[in-house]
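What follows is the residue order along each chain.
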Amino acid sequence: MDIEIFPYRVLGSDTTEKLLNDLESLEDVRRTVIHGPRFPKGEATLPPQYQERRVITVNGEKVVLQVKTARIFLEITMESTIDEVEKICEKNIPFGFDINQDRSNYIRKQKTVTDRIKYGDNDIPDELIGMTDQYSTFDDHVNIIKKDD
């Protein structure tokens, strides 16, 4: 089951970092995808206090945040996890949010044409399916964060 967290405002880097760490701490969360507009190219010229593109730490791993967080997609297995996700969102997103589960899949589960173009007919791990962008290199847009076993 996939759910979408749709904050009423775009999240800053600090809020994104806290929210992702809390969401990744849930046992039932299998995949997390953040979606939003890319940071502007001229952001490097801004004073440091206004720069949002930075390295954040999620589940102990360093990740370069490259987009403003406008939506978060979670792949979960149990419907009861939605209540836990809602509590985490209430704590980290005080200005409001919606949790949507209207669509059957927000995150692709089957290999797409774009996956075939990028990786060929090779077997790819399940967590990489649907995570391709034919215009970028793999390292530019996907970070795999392993859960502690």
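A.B. asks: Outline the packing of aromatic side chains, listing residues and values.
C.D. replies: Any pair of aromatic rings gets described here by the distance separating the centres and the angle formed by the planes. Taken as a whole, this structure holds 0 aromatic pairs when the rule is applied. Directly above the aromatic system of Phe95 lies the positively charged group of Arg9, at a separation of 4.2 Å from the ring centroid.

A.B. asks: Describe the pattern of salt bridges, with residues and values.
C.D. replies: All told, the structure shown has 6 salt bridges when counted by the stated rule. The partner of Lys91 in a salt bridge is Asp22, and the shortest N-O contact between them spans 3.0 Å. Placement of Lys91 in helix H2 (residues 81-92) and of Asp22 in helix H1 (residues 13-24) is noted, with a sequence separation of 69 residues between them. Overall, the relative accessible area of 59% leaves Lys91 in the exposed class. Salt bridges linked by common partners bring Asp14, Glu17 and Arg54 together as one network.

A.B. asks: Provide a residue-level description of H2, including the pertinent values.
C.D. replies: Over its 12 residues, H2 runs 17 Å from end to end, which matches the ideal 16 Å to within 8%, given 1.5 Å per residue. Where H2 is buried, its residues contact strand S1 (2-7), H1, strand S5 (71-75) and strand S6 (97-100).

A.B. asks: Can you break down a negative patch on the surface residue by residue, with the values?
C.D. replies: Where like charges cluster on the molecular surface, the negative patch consists of Glu79, Asp83, Glu84, Glu86 and Glu90. Mapping Glu79 onto the fold places it in the loop between S5 and H2.

A.B. asks: How would you summarise the confidence of the model for the protein chain if you had to cite specific residues and measurements?
C.D. replies: Confidence in the prediction for the protein chain averages 80 pLDDT; 68% of positions are at 70 or higher. Averaged pLDDT values over the elements of the protein chain bottom out at 54 in helix H4 (residues 138-141) and peak at 96 in H2.

A.B. asks: I'd like a description of the nonpolar core, backed by residues and values.
C.D. replies: Ile5, Leu19, Leu23, Leu74 and Val85 are the most contacted members of the largest nonpolar core, which has 16 residues in total. Take this core: its biggest share by element is 4 residues, from H2. Apart from residues no more than four positions distant in its own chain, Val85 is found in contact with Ile3, Ile5, Leu23, Leu26, Leu74 and Ile99. Counting residues in each nonpolar core, the second largest holds 6 residues, with Leu20, Phe39, Ile56 and Val63 among its members.

A.B. asks: I'd like a rundown of the side chain of Thr81, residues and numbers included.
C.D. replies: Tracing the sequence through the fold places Thr81 in helix H2. Owing to a relative accessible area of 1%, Thr81 belongs among the buried residues under this scheme. When residues no more than four places from it in sequence are discounted, the contact partners of Thr81 are Leu26, Asp28 and Ile76.

Reading the values: rules and limits
Residues numbered from 1 in each chain as written. Predicted model: local features only at pLDDT ≥ 70, side-chain atom pairs only at ≥ 80, totals over all residues. Heavy atoms only, no water. Phe/Tyr/Trp six-rings, centres within 6.5 Å; stacked < 30°, edge-to-face > 60°. Lys NZ or Arg CZ within 6 Å of the ring centre and 35° of its normal. Salt bridge = Lys/Arg side-chain N within 4 Å of Asp/Glu carboxyl O. Helix = DSSP H or I, 4+ residues; strand = E, 2+ residues; numbered from the N terminus. Buried < 20%, exposed > 50% of the residue type's maximum accessible area, 1.4 Å probe, protein only. Expected span 1.5 Å × (residues − 1). Contact = heavy atoms within 4.5 Å. Patch = residues over 30% accessible without salt bridge, like charges linked within 9 Å, V, L, I, M, F, W, Y side chains within 5 Å. Areas by Shrake-Rupley, 256 points an atom, 1.4 Å probe, with all protein chains shown as cover. Lys, Arg positive; Asp, Glu negative; His and termini not counted. Charge placed at Lys NZ, Arg CZ, Asp CG, Glu CD. pLDDT = per-residue confidence, 0-100. Core = buried A, V, L, I, M, F, W, Y, C linked by side-chain atoms within 4.5 Å.

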